[in-house]
Structure formats: structure tokens, C-alpha cells
Amino acid sequence: RGAGSAMSLRERSPSGAVEAGEDAAAPLPAEPDGPGRCLSLLPWDRFSAWLHCVCVVGFDLELGQAVEVIYPPHSKLTDKEKTNICYLSFPDSNSGCLGDTQFCFRFRRSPGRKVSLCCFLDQLDRDLPVYLKKDPAYYYGYVYFRQVRDKSLKRGYFQKSLVLISKLPYVHLFRTMLKQIAPEYFEKSEAFLEAVCSDVDRWPPPIPGKILHLPIMGIIMKLRIPTYRDKPGTTPIVQNMHQADAQISMALPTVHEVDLFRCFCPVFFHIQMLWELVLLGEPLVVMAPSPSESSETVLALVSCISPLKYCSDFRPYFTIHDSEFKEYTTRTQAPPSVILGVTNPFFAKTLQHWPHIIRIGDIKLPGEVPKQVKVKKLKNLKTLDSKPGVYTSYKPYLNKDEEIVKQLQKGVQQKRPTEAQSVILRRYFLELTESFIIPLERYVASLMPLQKCISPWKSPPQLRQFSQDDFMKTLEKAGPQLTSGLKGDWIGLYRHFLKSPNFDGWFRSRQKEMTRKLEALHLEALCNENLVFWSQKHTEVETVDLVLKLKNKLLQADREQLPVKTDTLKKLQTHINDIILALPDDLQDILLKTGTT
């Protein structure tokens with residue numbers, strides 16, 4: 001009905017399971033060192049497509065935590081970024097993490113830094129699902145921390161972290177990589193780190209939809225980065241092939257997912273309420289005994305509304321030394337829309353005024369059915385030693401889904417593998433999110449102007465305004481009841497959601513997508529006109545103006561990667577050439593040389 005209706009999440013993805021292997025539908029950008037618009041990659045450019053740098057953080061008796069090594073040496077970090085990395089790379093002293101610990105953190109990039117943009121990497125980001133797109137304002141830190149007794153050291157302990165700094169949210173990939181390289185690094189030191197970075201600099205670019213082979217110190221990791229064309233909830237299986245040579249191959253089932261069931265086990269009975277809190281962008285703090293538990297739980301919370309992108313800030317591990325500590329813990333204003341993972345007991349007092357607190361103990365998979373844990377009142381949370389549970393006065397909008405709880409409890413009784421439990425839980429969250437978002441997708445699609453409104457001789461028409469009242473009226477006949485059996489106050493949930501950062505982020509993204517579609521349709525309308533005939537009936541000044549506008553249109557299509565067929569662009573270029581050739585020679589010379597803005 002619309003010129004290019006915005007499709008639902010289901011409609012926009014291919015039907016059926018995604019085949020393992022390369023995504024045939026995804027046109028891959030030209031290899032950087034092959035023919036194409038991008039310049040050849042320089043040394044360390046391939047490394048930079050995956051990682052910003054690798055840091056080693058140690059403990060100095062006089063200085064405390066300090067960055068000992070940054071590799072490659074030319075990598076730039078501001079003093080503020082180094083300070084954040086130092087404090088976030090070590091567990092709090094109260095965590096008592098002896099042995100090896102893995103976790104991740106996220107921190108703000110310093111403002112005013114030059115962002116090096118490469119058209120090739122930009123194109124890769126466009127092909128990603130919205131929840132995996134890079135946020136240029138943040139870095140992730142992936143940590144492998146070792147603390148062991150060592151009598152030869154003054155402090156009595158060897159304490160060191162190997163940290164990968166990246167813009168990519170590929171938690172599982174970098175966790176796996178650290179598991180392979182960190183133990184050996186602690187034995188071999190600097191030369192080994194140099195060899196690791198050289199390996200990464202030989203990796204292919206992170207192209208979504210393609211099976212990638214990433215060699216790292218004698219092992220080849222095989223993986224596939226999802227694309228926005230994948231059907232939500234499907235994970236293509238990457239087969240583990242026997243290598244002809246001596247190298248060991250390791251197939252990664254995912255690049256970004258965490259063990260959802262293991263993370264939600266301590267708050268088993270509240271998963272639906274937590275889904276609502278994350279969806280609405282409510283301030284949430286996770287109090288955990290160690291950074292690995294806090295970071296995994298925060299990442300699980302953020303992923304539970306997938307394929308919607310969580311648009312507020314989230315910190316898998318947050319400390320009192322963080323540069324945003326004052327901003328996020330002040331009592332002079334309401335708590336911000338953010339999810340924090342903390343381990344320091346000090347936060348139990350500092351964040352007492354926060355409306356929703358999740359307290360978790362050590363994450364262990366239950367050997368028996370978890371006991372029902374009631375939602376506790378916030379005033380009962382005095383210290384970090386308080387019992388595990390969810391402390392909030394929030395009343396969920398939707399009635400509790402007893403089926404998912406029974407299904408997962410049955411799985412515990414039958415000793416179903418945690419991977420299978422996570423698949424069930426992920427599917428449950430996905431169906432809940434899709435039931436919620438499809439009515440919004442359907443309404444927003446109706447804001448698209450009709451195709452007959454698009455005239456080649458006028459600017460593309462604007463999208464109609466989003467009206468909350470009009471949207472609410474659609475829910476009676478085309479609401480979530482079409483796909484979900486859950487009862488409750490869906491209207492109240494939508495009203496609350498429409499005020500949230502997640503709605504704002506989602507709607508901006510859809511607006512941008514639909515505006516690009518309108519620009520593409522406008523281009524097609526221009527191509528279907530006899531432009532040479534038009535130019536013959538108009539003055540030279542008007543014809544030159546048309547040529548310049550058409551050239552700008554072509555540049556815009558290329559710059560913004562508009563969804564236009566190559567044939568359409570070629571046809572438009574032919575139109576431009578034909579119009580120019582019909583003009584006097586002096587004008588031809590000028591217009592053929594003229595680029596446009």
C-alpha cells in the first residue's frame with residue numbers, strides 16, 4: 001500500500017533457517033586491496049578493523065594499577081582512557097579472584113578524538129543487525145586477569161591483566177581468543193604479544209554473512225558474523241572441518257552471545273519483569289560478587305530485548321574510579337537510564353536510591369529446581385551481603401508467563417544442557433519482543449507516503465508524523481494479541497515505552513531507513529522520465545541546473561548507500577551524458593569536468 005512499506009521484523013528477514021556458509025544475498029564490498037573505491041590497506045589496518053589495541057595492566061607497589069604495555073606502540077589512548085582501563089582491568093580487592101578470571105567492561109571514548117573512517121568498514125557496519133552496530137562513542141575492554149601467589153614479589157602475589165580494546169561487541173569471539181593466548185602470554189611475555197598482533201593483522205576484514213577463518217597462534221577460529229538479513233533467532237552452524245594441514249580448527253557457534261540461562265539462573269522467576277525493565281530503559285544495577293558475574297549478567301540483560309537495540313548506556317563492570325562515577329551516582333537528580341554491573345560493597349550504600357537492584361550470588365548452574373524468590377522491597381537492601389534477588393517496587397504491566405518457568409524447571413529436572421536451556425530462553429525473549437514491536441512496525445509503515453505522491457520534479461515527500469493516539473487506536477485490531485497469548489496492560493507498556501530512549505533510538509533508525517527508501521524511489525522516478533526531451537523544452541540555465549542536481553543525486557546514492565539497483569544508477573548516468581551531449585561544446589566541457597558537492 002505504501003511506496004515502500006516498512007516491514008515487520010519477520011517480513012524483513014528471509015524465511016526459513018539461514019544456511020551455513022556465505023550469505024549469497026549480501027553483496028560484499030570490494031576487498032580493500034582489490035579494485036574498489038577504498039584505498040589499499042596499510043600495515044595495521046587489518047588489525048584496526050578488529051581491535052584498537054592490546055594492553056597489559058600490572059600492579060606497581062608505588063603507582064598501583066598501571067598500563068605496562070600498549071601494542072601496537074603507535075596506538076593512541078588519552079590519559080583519561082588509560083586511567084579507566086587501569087581500574088576496570090582489575091577486580092575490586094573484595095572480589096578475591098584467585099587464579100584466572102575473564103570479564104569485560106565498556107567505557108566512553110574521550111571526546112574530540114579523530115575518528116578514522118574507512119568506506120569499506122562503514123559498509124560492513126551497515127550490513128550488521130542493529131544490535132551489533134558499533135557505537136563510535138564507546139570502547140569495549142575484554143580482560144583476562146591472573147592473580148597467583150608469588151613469594152618472590154614484595155606484594156606476595158603476581159597480578160596482571162591482558163586486555164583487548166575494541167569497538168566491536170563480539171564478546172564470545174574475544175573471550176575465546178583470550179582463553180587461547182593469555183595463559184601463554186603470562187609465561188612468554190612481550191615477543192609472544194607481538195606475534196599475536198601480527199596474526200590479527202593478517203585476519204580478513206570482519207565481513208558479516210561470510211565464513212571467516214581467523215588464525216591465532218597455531219589455531220584457526222572459524223566463525224560467521226550475523227547480517228541484518230538473517231532471520232532473528234537463527235544461528236547458522238559453522239561446521240568444524242578437518243584441516244589438511246596441522247593447524248587445529250575451532251568453530252565458534254556465535255561471536256556475541258552469552259550463556260543466557262546461566263546468567264538468568266539466580267533471578268529465574270523474574271525474567272519477564274527484567275525484560276520489561278530493560279525494554280523501558282529503566283535504571284538497573286546488578287550487584288555481583290565478581291566482575292565476571294556482573295559483566296555476563298549486564299550483557300544478558302542488554303541482549304534480552306534483541307533484535308531491538310538497547311539504546312541507553314550500559315556498563316558490564318563499573319567501579320568507584322570510573323570517570324562517570326559522580327555523574328551516575330549523584331542524588332541531586334533521578335538515576336539515569338543505564339545498566340551498571342558492580343562488585344564493590346560501597347555501591348550498596350551509594351546506589352540505595354536506585355529504583356531497581358538485582359543482587360546475585362555466585363553463578364552456578366542449579367542441580368535442582370531453583371526455589372521461588374520473591375521480589376524484595378528496596379528498603380531491605382542494606383549491604384552487598386543481602387540475599388540474592390530483585391529489589392524493586394516495580395509492578396509489571398504484563399501477567400506472568402508461567403509456561404516458560406515450567407519449561408525451564410523441567411529442563412533442570414531432566415538435566416537438559418545449559419546451551420539448550422539458553423536456546424529456549426532466547427526464543428522466548430525474541431517472541432516476546434517481536435510480539436511487542438510488530439504493531440509498531442506496522443503503524444510506522446503506514447506513515448510512508450504512497451508511491452503516486454512521488455514526483456520526479458519535486459523533492460521527495462516527507463514521512464507523516466508519528467501520532468501516539470493514532471498508534472494506540474491500531475492496537476485494538478492489530479495489537480500484540482495477534483502473536484502473543486500473554487494478557488495484561490499492553491497499552492500501559494506501550495505508553496511507557498514511547499517515552500523511553502529505546503523507542504527514540506528505534507524510531508530514529510526506522511525514520512532514516514524509510515527516508516533512504518523515499519530517496520531511492522525518487523531516483524527511480526527520475527530515471528523513468530525522458531529527461532533529454534525535458535531539457536530540449538527548457539533554457540540552458542535550467543538544463544545545467546538539472547544536470548548538477550542529477551550528479552548530486554548520484555553522489556548521494558553512493559555516499560549514503562541508498563537501496564537502488566545498479567541498473568537504475570547506470571540509467572541515470574546515461575541520461576546525464578545524453579543531456580550534456582545535446583548542449584553547446586563550451587558547456588559540455590565545463591559539465592563533464594564538474595564534480596558536485
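Calculation notes
Residues numbered from 1 in each chain as written. Predicted model: local features only at pLDDT ≥ 70, side-chain atom pairs only at ≥ 80, totals over all residues. Heavy atoms only, no water. Helix = DSSP H or I, 4+ residues; strand = E, 2+ residues; numbered from the N terminus. Buried < 20%, exposed > 50% of the residue type's maximum accessible area, 1.4 Å probe, protein only. Contact = heavy atoms within 4.5 Å. Axes fitted to C-alpha atoms, helices over the stretch in contact; angles between N-to-C directions. Parallel < 35°, antiparallel > 145°, perpendicular 65-115°, else oblique. Nonpolar A, V, L, I, M, F, W, Y, C, P; charged D, E, K, R; others polar. Phe/Tyr/Trp six-rings, centres within 6.5 Å; stacked < 30°, edge-to-face > 60°. Salt bridge = Lys/Arg side-chain N within 4 Å of Asp/Glu carboxyl O. Pairing = 2+ DSSP bridges. Core = buried A, V, L, I, M, F, W, Y, C linked by side-chain atoms within 4.5 Å. Domains from an automatic or database assignment. pLDDT = per-residue confidence, 0-100.

## Quick look at the overall build of the chain
- Regarding its fold elements, the chain presents 20 helices and 13 strands.
- Burial status across the chain gives 52% buried among its 597 residues.
- Within the chain, residue pairs in contact and separated by at least 24 positions form 74% of the contacts whose partners lie at least 6 positions apart.

## Overview of the packing of helix 5 (residues 171-188) against helix 6 (residues 190-200)
- Look at helix 5 against helix 6: their axes get within 8 Å of each other, and the N-to-C directions meet at 150°. In terms of their interaxial angle, helix 5 and helix 6 are classed as roughly antiparallel. Along the contact surface, helix 5 presents Met-177, Ile-181, Glu-184, Tyr-185 and Lys-188, while helix 6 presents Glu-190, Phe-192, Leu-193, Val-196 and Val-200.
- Grouping the constituent residues of the contact of helix 5 with helix 6 by class yields seven nonpolar, no polar and three charged.

## Re the packing of aromatic side chains
- Across all of its chains, the model carries 36 aromatic pairs by this definition.
- The interplanar angle of 10° and the centroid separation of 5.9 Å between the aromatic rings of Tyr-140 and Tyr-142 together place this pair among those described as stacked.
- Take Tyr-140: its relative accessible area is 9%, and that puts it in the buried class.
- Look at Phe-318 and Phe-347: their rings are 6.0 Å apart centre to centre, the planes differ by 50°, and that puts the pair in the tilted class. Within this pair, whereas Phe-318 is found in the loop between strand 10 (313-315) and helix 10 (325-329), its partner Phe-347 is found in helix 11 (residues 346-350), the two being separated by 29 residues in sequence.
- One aromatic cluster is present, built from ring pairs that chain together Trp-275, Phe-436, Tyr-443, Phe-466, Phe-471, Tyr-494, Phe-497, Phe-503, Trp-506 and Phe-507.

## Observations concerning the environment of Ala-557
- Tracing the backbone through its elements, the reader meets Ala-557 in helix 18 (residues 540-559).
- Residue Ala-557 is classed as buried on the basis of its relative accessible area, which comes to 6%.
- Linking Ala-557 and Ala-520, residues 37 residues apart in sequence, is a C-alpha distance of 7.7 Å.
- When residues no more than four places from it in sequence are discounted, the contact partners of Ala-557 are Leu-523, Leu-562 and Leu-569.

## A word on the pattern of salt bridges
- For the structure shown, the criterion picks out 24 salt bridges.
- With a shortest N-O distance of 2.7 Å, Arg-106 and Asp-313 are connected by a salt bridge. Here Arg-106 is found in strand 3 (residues 99-108), whereas its partner Asp-313 is found in strand 10, with 207 residues between them in sequence.
- On the basis of relative accessible area, Arg-106 is assigned to the buried category, the value being 4%.
- Residue Arg-202 pairs with Asp-199 through a salt bridge whose shortest N-O separation is 2.7 Å.
- The exposure class of Arg-202 is exposed, given its relative accessible area of 56%.

## A look at the pairing of strand 4 (residues 138-149)
- Counting buried positions along strand 4 yields ten of twelve residues, so the element is predominantly enclosed.
- Where strand 4 lies against strand 5 (residues 157-166), ten bridges are found, and the strand directions are antiparallel. Its bridge partner being in strand 5, Arg-146 is matched across the sheet by Lys-160.

## Quick look at helix 8 (residues 271-279)
- The buried fraction of helix 8 is high, at nine of nine residues.
- Among the residues of helix 8, Ile-271, Gln-272, Met-273, Leu-274, Trp-275, Glu-276, Leu-277, Val-278 and Leu-279 are the ones counted as buried.
- Where helix 8 ends, the next residue or the one after it, Gly-281, has phi of about 65°, a positive value.

## A short note on the environment of Gly-505
- Looking at where Gly-505 falls in the secondary structure, it is placed in helix 16 (residues 501-527).
- By relative accessible area, Gly-505 is classed as partly exposed at 21%.
- Separated by 194 residues in sequence, Gly-505 and Cys-311 have C-alpha atoms that sit 5.9 Å apart.

## Topic: the nonpolar core
- Judged by nonpolar contacts, the single largest core of 113 residues is most densely connected at Trp-50, Met-177, Phe-264 and Leu-440.
- Element by element, the count of residues in this core is highest for helix 13 (residues 418-445), at ten residues.
- Each of two domains, domain 1 (45-252) and domain 2 (434-499), supplies a minimum of three residues to this core.
- In this structure Phe-264 touches Ile-271, Leu-274, Ala-300, Leu-301, Cys-304, Leu-425 and Phe-429, once residues within four positions along its chain are discounted.

## A closer look at the packing of helix 12 (residues 402-413) against helix 13
- Following both chains from N to C, one finds helix 12 and helix 13 inclined at 175°, their axes separated by 10 Å at the closest point. Accordingly, the angle class assigned to the pair helix 12 and helix 13 is roughly antiparallel. Facing helix 12, whose interface residues are Ile-404, Gln-407, Leu-408, Gly-411 and Val-412, helix 13 presents Gln-421, Ile-424, Leu-425 and Tyr-428.
- When the residues that make up the contact of helix 12 with helix 13 are grouped by side-chain class, the tally is six nonpolar, three polar and no charged.

## Description of the sheet that holds strand 13 (residues 389-392)
- With mixed pairing, the five strands of this open sheet are ordered in space as 10-11-9-12-13. Every interior strand has two partners, whereas the edge strands, strand 10 and strand 13, have only one. In this sheet, adjacent strand axes meet at a mean angle of 15° when their direction is disregarded.
- As defined by bridge partners, strand 12 (residues 356-359) adjoins strand 13 across four bridges and the pair is classed as antiparallel. Within strand 13, the position partnered with Arg-359 by the bridge is Gly-389.

## What to know about the sheet that holds strand 1 (residues 53-60)
- Spatial strand order, 2-1-5-4-3: five strands in an open sheet with antiparallel pairing. The sheet is open, and its two edges are formed by strand 2 (64-71) and strand 3, each paired on a single side. Taking the axes of each pair of neighbouring strands and ignoring which way they run, one obtains an average angle of 25° across the sheet.
- Two strands pair when backbone bridges link them, and strand 1 and strand 5 are joined in this way by six bridges, in the antiparallel orientation.

## Notes on the confidence of the model for the chain
- Looking at the chain as a whole, its pLDDT mean stands at 83, while 84% of the residues score no less than 70.
- When the criterion is pLDDT under 50, residues 1-39 qualifies, and its contacts beyond four places in sequence or with other chains add up to 93 contacts.

## Side note on unusual backbone geometry
- Put simply, Tyr-71 and Pro-72 share a cis peptide bond, and its omega is -5°.
- Position of Pro-72 relative to the elements: it lies in the loop between strand 2 and helix 3 (79-88).
- Cis geometry is adopted by the peptide bond preceding Pro-307, which originates at Ser-306 and carries an omega value of 10°.
- The residue Pro-307 is located in the loop between helix 9 (291-303) and strand 10 in this model.
- With a phi close to 50°, Met-217 is a non-glycine residue in the positive phi region.
- Positive phi, close to 55°, is recorded for Lys-415, a residue that is not glycine.
- Mapped onto the fold, Lys-415 is located in the loop between helix 12 and helix 13.
- Given the relative accessible area of 66%, Lys-415 is considered exposed.

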